[in-house]
Amino acid sequence: MILLNCSNIGKSYGIDTILEQVSFNIYKNDKIGLVGVNGAGKSTLFKMITGEILPDSGEIYKSKELVIGYMAQNYEIDSEKNIWDELLEVFAPLIEMEKKIKVLEKKMEQTSDVHHLDELVHQHAELCEEFKDKNGYGFNSHIRAVLVGLGFEDEQFNLPIKYLSGGQKTRVALAKILLQNPLMLLLDEPTNHLDIQAVEWLENFLADYSGSVMIISHDRFFLDRVTNRTIEIENKKAVCYDGNYSNYIKQKQVNREQQWKQYHLQQKEISRIEGIIEQQKQWNREKNIRTAESKQKAIDRMEKVDKPENLPDNIRFKFQTRIRSGNDVLAVEGLSKSYGENHLFSNIALNIRSGEKVFLLGGNGTGKTTLFKILLDKENKDSGWIQWGTNVIPGYYDQEHSDIDITRTVLDEVADANPELTQTETRNALAAFLFRGDDVFKNISVLSGGEKGRIALVKLMLSKANFLILDEPTNHLDIYSREALENALLDYNGTMFIISHDRYFINKIASRIVELESADLTEYIGNYDDYVEKRKKMHAVEMKNQTSAPIDESSSTPSKEQYESQKEKKANERRIQKLIAELEEKISETEIQIQELEQQLCNPEVFSDHEKAFEISSKIDYLKETLEEFYAEWESLHE
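Below or above, wherever it landed, is the structure these notes cover. Residue numbers here run from 1 along each chain, matching the order of that chain's written sequence. With the structure being a predicted model, the display of local features is reserved for residues of pLDDT at least 70 and the display and counting of side-chain atom pairs for 80 or more, all residues being used for whole-chain, interface and lining totals. To get the side-chain values, all heavy atoms of the structure are used, and hydrogens and water are removed first.

Notes on the overall build of the protein chain
Argument step 1. Per the secondary structure count, the protein chain includes 20 helices and 18 strands.
Argument step 2. Here the globule rule is a power law, 2.2 Å times the number of residues to the power 0.38, and the radius of gyration is based on C-alpha atoms. Over its C-alpha trace the protein chain gives a radius of gyration of 32 Å, far above what one expects of a compact globule, namely 26 Å for 639 residues.
Argument step 3. Considered along the principal axes of its C-alpha atoms, the protein chain spans approximately 110 × 75 × 50 Å.
Argument step 4. Contacts are assigned to residue pairs with any non-hydrogen atoms lying within 4.5 Å of each other. When contacts within the protein chain are restricted to residue pairs at least 6 apart in sequence, long-range pairs at least 24 apart make up 70% of them.
Argument step 5. This count recognises Lys and Arg as positive and Asp and Glu as negative, with His and chain-terminal groups excluded. Where a charge lies is defined by one atom per residue type: Lys uses NZ, Arg uses CZ, Asp uses CG and Glu uses CD. Charge centroids of the protein chain, computed over 79 positive and 107 negative side chains, lie 9 Å from each other. Counting from the N terminus, the helices are DSSP H or I runs at least four residues long and the strands are E runs at least two residues long.

A few points about the pattern of salt bridges
Argument step 1. For salt bridges, the criterion is a side-chain nitrogen of Lys or Arg within 4 Å of an Asp or Glu carboxyl oxygen. The full count for this structure, using the stated rule, is 31 salt bridges.
Argument step 2. A salt bridge links R220 to D502, with the nearest nitrogen and oxygen atoms 3.5 Å apart. Of the two residues, R220 is situated in helix α8 (residues 220-226) and D502 in the loop between β16 (495-499) and α16 (503-509); the sequence distance between them amounts to 282 residues. Here the two residues R220 and D502 agree in accessibility, since each one is buried.
Argument step 3. Between R535 and E517 there is a salt bridge, and its shortest N-O distance comes to 3.1 Å. With a gap of 18 residues between them, R535 in helix α17 (residues 528-548) and E517 in strand β17 (residues 512-517) connect regions that are remote in the sequence.
Argument step 4. Members of the salt-bridge network, linked through shared partners, are R220, R482, E486, D502 and K508. Type-normalised accessible area, obtained with a 1.4 Å probe on protein chains alone, sets the label of each residue: buried when under 20%, exposed when over 50%, and partly exposed for intermediate values.

Some remarks on the packing of aromatic side chains
Aromatic ring pairs: the centre-centre distance and the angle between the two ring planes describe each pair.
Argument step 1. In this scheme Phe, Tyr and Trp rings, the latter by its six-membered ring, pair at centre separations within 6.5 Å, and the angle between planes marks the pair as stacked below 30 degrees, edge-to-face above 60, and tilted otherwise. For the structure on display, the rule yields 19 aromatic pairs.
Argument step 2. A ring pair is formed by W84 and F157, whose centres lie 5.6 Å apart and whose planes are at 25°; its orientation type is stacked. Here W84 is found in helix α2 (residues 83-88), whereas its partner F157 is found in the loop between α5 (139-149) and α6 (166-180), with 73 residues between them in sequence.
Argument step 3. With a relative accessible area of 7%, F157 lands in the buried category.
Argument step 4. For the pair W260 and Y263, a centre-to-centre distance of 6.0 Å together with 80° between the ring planes defines the contact as edge-to-face. Residue W260 and its partner Y263 are both found in helix α9 (residues 245-283); the two are separated by three residues, about one turn of the helix.
Argument step 5. For W260, a relative accessible area of 26% corresponds to the partly exposed category.
Argument step 6. We classify Y263 as buried; its relative accessible area is 15%.
Argument step 7. Connected via pairs of aromatic rings, a cluster forms that spans F221, Y524, Y528 and Y531.

Quick look at the structure:
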């Protein structure tokens with residue numbers, strides 16, 4: 001079933017053509033990745049699909065039942081409500097329906113008119129059935145699941161939205177759109193402001209989503225996990241590919257090679273025929289002239305193979321080191337940092353040796369950026385010591401670009417940081433990062449986040465540091481720029497310490513991962529796939545230990561108090577698990593009873609018997625109250 005059809009869409013701004021003759025279909029259950037360089041027109045296409053802007057040419061056809069949920073890049077929700085109440089708005093019709101059900105139940109209790117009671121019972125049965133079908137009994141749990149999945153803690157649900165950070169407001173906006181469950185989701189960079197755990201939750205949510213999804217994202221790992229089709233916007237045109245991002249890359253390469261081959265073969269054939277034509281013309285007899293004309297017609301009749309268009313310009317660069325550092329690059333011992341009652345980390349120990357590619361992972365707010373700033377003496381530590389190795393020259397990439405003066409021009413910012421370079425050398429370096437011609441005289445304040453990121457990379461490249469400390473370097477970079485950065489880092493002979501949520505990037509670069517979790521560091525050798533596998537094994541061991549509680553004979557014998565404490569703790573854990581299991585069984589049984597009673601109310605023989613109908617309605621009310629108590633107890637046991 002086609003939900004949407006774009007036919008020969010075109011859009012220009014003045015003399016700048018953004019899109020031309022763009023055509024594609026979106027079917028129900030499609031999961032589409034929309035890719036292309038920054039400025040290719042991806043967000044513009046989304047806005048035309050939603051009707052926010054109109055195309056200059058072409059048509060967009062939508063099915064009658066199509067409802068679109070659109071989240072623009074970095075969209076922040078603005079509200080006077082708290083998080084929970086804002087998301088409850090999505091279920092306003094269900095909340096209103098629940099009120100009507102309660103009103104009907106009161107009227108049923110109070111009426112003495114048998115005929116009127118018949119009508120009330122019938123209305124009540126129909127409304128209850130609709131309420132159940134629309135997940136009226138589960139929307140509160142649904143809200144909580146989405147909020148927790150996107151990284152909110154239970155105690156944050158009542159926070160006023162106006163006091164949230166920009167990233168938190170964006171996550172609330174995303175949660176609201178997901179809860180609306182539209183037939184089509186248009187998501188522009190939905191993984192911005194999400195940590196890895198939240199991105200993984202979103203992947204699973206979208207993979208199971210019953211409607212269609214179209215995603216603009218630079219997160220290749222995310223696209224691989226979610227999408228089954230890819231649309232590329234390149235040179236103002238759209239090309240559709242079956243499969244996820246990795247399949248698209250392979251197929252694009254194959255298609256391009258085939259197109260070049262067909263083009264060269266045809267050009268060779270045309271050259272051969274033109275040679276015959278030229279020869280025949282030189283002989284200049286009537287027969288030769290007819291042959292030349294015939295051959296020319298053969299060329300004219302050919303269906304020409306278009307020469308493949310040039311690929312969009314991409315940054316190209318190489319990191320080089322000024323001098324080689326010693327084997328020991330960085331040593332950290334006993335490092336701690338708190339902000340009042342907020343204890344970020346304590347007693348951190350870390351060693352980094354020359355040539356290592358270490359990635360620092362952890363959820364939002366765990367203190368990763370703070371750790372980097374402490375290492376670079378941009379933030380004070382509470383305790384511990386830091387020792388740098390011999391000849392270590394650190395180069396820092398700040399994700400907030402706070403070291404870039406936005407009041408200056410691009411050229412001045414880079415030239416002043418590298419006064420030893422001539423203007424020609426500086427401009428050549430900027431050209432490698434796509435700042436050419438008058439672009440170098442632009443004021444930095446008018447640049448996009450991606451362009452500011454490229455300026456930071458120019459400065460980092462020119463510093464010739466031998467220890468790169470990078471905080472989210474792929475943020476704001478398009479896919480092609482990320483790949484250029486990956487290749488530059490793979491060729492780099494220095495040492496790296498990197499914060500990133502880009503799992504594709506981590507997989508390609510990392511030799512070691514350290515995870516900051518629960519105020520402590522845990523180390524894993526290998527890349528992201530290795531990290532995930534080892535985490536799974538550790539989790540399996542923990543689960544096994546919880547159930548079997550084996551004694552480690554190699555460790556020292558615990559004291560009697562420790563033994564009794566551990567014994568009591570494990571007994572308490574088993575008791576809680578048993579209570580949870582019993583509650584879940586009771587919840588299931590109660591929900592089944594409610595459904596069976598509601599079905600009985602729909603039976604004409606029952607709702608025509610007023611006493612019987614009233615008795616069943618009372619039982620349903622009682623069971624619902626009991627169910628709420630069960631859920632409250634279940635939630636308290638999980639805290």
